Amino acid sequence: MRWFYLIFILSVCRAAEDFRICSYNVQNFNMQKASNYKLIHTLTRVVSRCDVCLLQHVVDVDGRAVNKLLAVLNRYDDFTYKSVSSQSLGNSPGDMQQYVFIYRTEMVNLTGQHQYSSKQSFVREPFVVQFQSNRTAIKKFVLVPLHSEPSKAVHEIDRLYDVFQEVSKKWNNKNVMFLGDFHASCAYVTRKDRKKIRLFKNSNFSWLIGDKVDTTVTDDTNCAYDRIVVHGEPFLKAIKPFSAQVYNFGKDLKLPQTRVLEVSDHFPIEVRLKGPASTEVRVKGSAPFLIQATPLLLLLLSVIGQFVL
Ligand SMILES: *[C@@H]1O[C@H](CO)[C@@H](O)[C@H](O)[C@H]1NC(C)=O
Ligand SMILES: *[C@@H]1O[C@H](CO)[C@@H](O)[C@H](O)[C@H]1NC(C)=O
Ligand SMILES: *[C@@H]1O[C@H](CO)[C@@H](O)[C@H](O)[C@H]1NC(C)=O
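What counts, and where the lines are drawn
Residues numbered from 1 in each chain as written. Chains lettered and ligands numbered in written order. Predicted model: local features only at pLDDT ≥ 70, side-chain atom pairs only at ≥ 80, totals over all residues. Heavy atoms only, no water. Disulfide = S-S within 2.5 Å. Helix = DSSP H or I, 4+ residues; strand = E, 2+ residues; numbered from the N terminus. Buried < 20%, exposed > 50% of the residue type's maximum accessible area, 1.4 Å probe, protein only. Polar contact = N/O pair within 3.5 Å; in protein donor to acceptor, adjacent residues only side chain to side chain. Contact = heavy atoms within 4.5 Å. Pairing = 2+ DSSP bridges. Axes fitted to C-alpha atoms, helices over the stretch in contact; angles between N-to-C directions. Near = heavy atom within 4 Å. Areas by Shrake-Rupley, 256 points an atom, 1.4 Å probe, with all protein chains shown as cover. Nonpolar A, V, L, I, M, F, W, Y, C, P; charged D, E, K, R; others polar. Core = buried A, V, L, I, M, F, W, Y, C linked by side-chain atoms within 4.5 Å.

Peer 1: Would you mind showing me how to read the state of the cysteines here?
Peer 2: Covalently bonding the sulfur atom of one cysteine to the sulfur atom of another cysteine gives a disulfide. For the structure on display, the rule yields two disulfides. Sulfur-sulfur distance for the disulfide between Cys22 and Cys50 comes to 2.0 Å. Across the S-S bond of Cys22 and Cys50 the torsion is about -100°, and the bridge reads as left-handed. Taken together, the residues Cys22 in strand 1 (residues 19-29) and Cys50 in the loop between helix 3 (37-47) and strand 2 (52-58) connect sequence positions 28 residues apart. An identical accessibility class is assigned to Cys22 and Cys50; each is buried. Sulfur-sulfur distance for the disulfide between Cys186 and Cys223 comes to 2.0 Å. On the sign convention where negative means left-handed, the S-S torsion of about -100° between Cys186 and Cys223 marks this disulfide as left-handed. Here the residue Cys186 occupies a position in the loop between strand 8 (176-181) and helix 6 (198-201), and Cys223 occupies one in the loop between strand 9 (205-207) and strand 10 (226-231), the gap between them amounting to 37 residues. Of the residues examined, Cys186 reaches a relative accessible area of 34% and is grouped as partly exposed. Overall, the relative accessible area of 4% leaves Cys223 in the buried class. Each bonded cysteine of the protein gets a number by its place in the sequence, and the pairs then read 1-2, 3-4. The structure places no disulfide on Cys53, whose sulfur is separated from the nearest cysteine sulfur, that of Cys50, by 4.4 Å.

This is the structure in structure tokens:
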């Protein structure tokens, strides 16, 4: 019994060490959606899992819908959430969208923002941000969002390489993550199209969400539209193995599909980063734990367990 207790404490400790980055296409998130109490409650439960959460397809020029979400989030748990939004981006007045990053101020500092500008390359040009955090193995990282135009997906995903070159130079930081609804699957990006995409061809980029994953909600679609890609070995090493996944909150929170679709026809995707490689981390409201000791301890416990059981 005592072992189980110890394992429980250790796993809580390890969970607190992880850092979660999420991406969610919230399909026309506007004031009308933000006024729906149930929807906001669902969205709050989803976003509050994340240390940084990218929302795409936000239609909120005056910021009221995002402020509403922030107000509910800030009442929801002990973290302080803030947001940073792009301008409205797009080609037609009837379809202007924003990228919005929501982040916990206790977990990250926003150290830079940059609106990529090249009308020939993107319909909604990436609004790039840089974060610094003492809670992650990778101390400073850049996030490049993309909600691609479906018919231009191949072209736009390829052009992310140019964004990479610009921002990695600007901030002297090659720890870059790309995330969002790339439409990188089904009819929009085929296997053959990959030859035209530098992010696929160049092996320095790792695609963490696989082609077989279904990031859509309904049963009629089975497509890996939403993706997370990281550049370079340092970033890859800072990723918790096998942590990149779709978050099916319908299943997890036991919500009917109507409640899920109320928010969006996409599911959120997420990835976890390893914690800092320090010997001591203060877990909220508890004593410091010896983090570095846990893998060894767990190994030891598993070995001991074999003898005991
Ligand atoms: C990390 O940052 C948090 C938030 O600013 C701060 O409370 C904490 O003391 C910092 N930890 C270390 C190890 O610097
Ligand atoms: C944010 O920056 C402040 C000032 O440099 C620093 O004390 C704090 O630890 C940083 N927070 C995190 C989470 O790294
Ligand atoms: C991959 O990254 C390494 C280290 O930054 C660099 O030397 C190399 O040229 C890159 N490869 C390609 C194909 O870009």
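Next comes the rest of the write-up.
Peer 1: Before we go on, may I ask you to explain the side chain of Arg227 in this structure?
Peer 2: When you line up the elements, Arg227 lands in strand 10. Here Ala184 takes part through its backbone oxygen, which lies 2.9 Å from a polar atom of the side chain of Arg227. Each residue touching Arg227, except ones within four places of it in the same chain, is listed here: Phe178, Leu179, Gly180, Phe182, Ala184, Ser185, Trp207, Ile209, Gly210, Asp211 and Ile269.

Peer 1: Explain the sheet that holds strand 1 to me, please; I cannot follow it from the model alone.
Peer 2: The six strands lie next to each other as 3-4-2-1-12-11, forming an open sheet whose pairing is mixed. On the outer flanks of this sheet lie strand 3 (81-85) and strand 11 (245-246), each paired with one strand and no other. Sheet topology note: the strand 2/strand 4 (residues 98-104) ladder contains five bridges and is antiparallel. When the sheet's bridge partners are listed, Leu55 is paired in strand 4 with Val100. Running at roughly 155° to strand 1, helix 3 makes contact with strand 1, strand 2 and strand 4 of the sheet. Running over the sheet, helix 4 (residues 64-76) touches strand 1, strand 2, strand 3 and strand 4 and is turned about 160° from strand 3.

Peer 1: I tried to follow the site of ligand 2 on my own but got confused; where do I start?
Peer 2: Taken together, Glu106, Met107, Val108, Asn109, Gln132, Ser133 and Asn134 make up the full set of residues adjacent to ligand 2. For ligand 2, an oxygen atom lies 3.1 Å from a polar atom in the side chain of Gln132. Between ligand 2 and the protein, one listed contact pairs an oxygen atom with a backbone N or O atom of Asn134 at 2.9 Å. Taking 360 Å² as the accessible area of ligand 2 by itself, protein coverage stands at 48%. Among the residues forming the shell around ligand 2, the class breakdown is two nonpolar, four polar and one charged.

Peer 1: In this structure, what is going on with the nonpolar core? I would like to understand it.
Peer 2: Note on soluble globular proteins: their nonpolar side chains tend to be buried together. With 86 residues, the main nonpolar core has Phe29, Leu55, Phe141, Leu143, Ile157, Met177 and Phe178 as its most contacted residues. The element contributing the most residues to this core is helix 5 (residues 153-170), with eight residues. Among residues more than four places away in sequence, those in contact with Phe178 are Val144, Leu160, Phe164, Leu199, Phe205, Arg227, Ile228 and Val229.

Peer 1: Sorry if this is basic, but what is going on with the sheet that holds strand 8 here?
Peer 2: Hydrogen bonds along the backbone pair up the strands of a sheet, which may run parallel or antiparallel. An order of 5-6-7-8-10-9 is seen for the six strands of this open sheet, with the pairing classed as mixed. In the strand order of this sheet, the two ends are held by strand 5 (109-115) and strand 9, each with one partner. Strand-to-strand twist across the sheet, computed as the mean angle between neighbouring axes with direction ignored, equals 20°. Where strand 6 (residues 127-132) meets strand 7 (residues 140-145), four bridges bridge the pair, whose relative direction is antiparallel. When the sheet's bridge partners are listed, Gln130 is paired in strand 7 with Val142.

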